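# Topology and contacts: notes
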Amino acid sequence: MCKGLITINNKRGFHLSSATKIEEVAKKATGKVFIKYNDKTADASDMFEILSLGVCYKDCVGIEAEDINDKEVVNKIIQLIENKFFENE
């Protein structure tokens, strides 16, 4: 298993565009990738599950991959979040 924690630094939190970008990256994984927030878990390859988490600005989420070989996918999702999904706020 591969894990990472990150704080959401874009003011809109997870929204349709950001969830779509996460989904695109997660679909490249060989195994399942999940986003964990509070007591909820979402399949990172499903934008609707991502949106159902209700993640907002300054919330902390966990990114987890079942397969250790998906470390690059986890890192790319973290990079997306760190870079505010490459969007202007």
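In this report, we go over the structure that sits alongside the text. (Residues numbered from 1 in each chain as written. Predicted model: local features only at pLDDT ≥ 70, side-chain atom pairs only at ≥ 80, totals over all residues. Heavy atoms only, no water.)

### Comments concerning the packing of aromatic side chains
Following the criterion strictly, the structure yields one aromatic pair and no others. Their ring planes at 75° and their centres at 6.1 Å tell us that F14 and F85 sit as a pair that is edge-to-face. Pair noted here: F14 is in the loop between β1 (2–7) and α1 (16–26) and F85 is in the segment after α3 (71–82), with a separation of 71 residues, a long-range link. Taken individually, F14 and F85 each receive the classification buried, so the pair is uniform in this respect. (Phe/Tyr/Trp six-rings, centres within 6.5 Å; stacked < 30°, edge-to-face > 60°. Helix = DSSP H or I, 4+ residues; strand = E, 2+ residues; numbered from the N terminus. Buried < 20%, exposed > 50% of the residue type's maximum accessible area, 1.4 Å probe, protein only.)

### Comments concerning the nonpolar core
Ranked by internal contacts, the top residues of the largest apolar core, which has 28 residues, are F14, V33, I35, V61, I63, I77 and I81. Among all residues touching V61, those that are not within four sequence positions of it are G4, L5, I6, I8, F14, I35, K36, Y37, V55 and I81. (Core = buried A, V, L, I, M, F, W, Y, C linked by side-chain atoms within 4.5 Å. Contact = heavy atoms within 4.5 Å.)

### A few points about α1
For the α-helix, the turn length of 3.6 residues means that residues three or four positions removed from each other point alike. Taken as a whole, α1 has its buried residues at S18, A19, I22, E23, V25 and A26. Projected down its long axis, α1 shows its buried positions confined to an angular sector of 165°, all on one face. Structurally, α1 contributes buried residues whose contacts are with β2 (33–37), α2 (47–52) and α3. (Arc of directions from axis to C-beta.)

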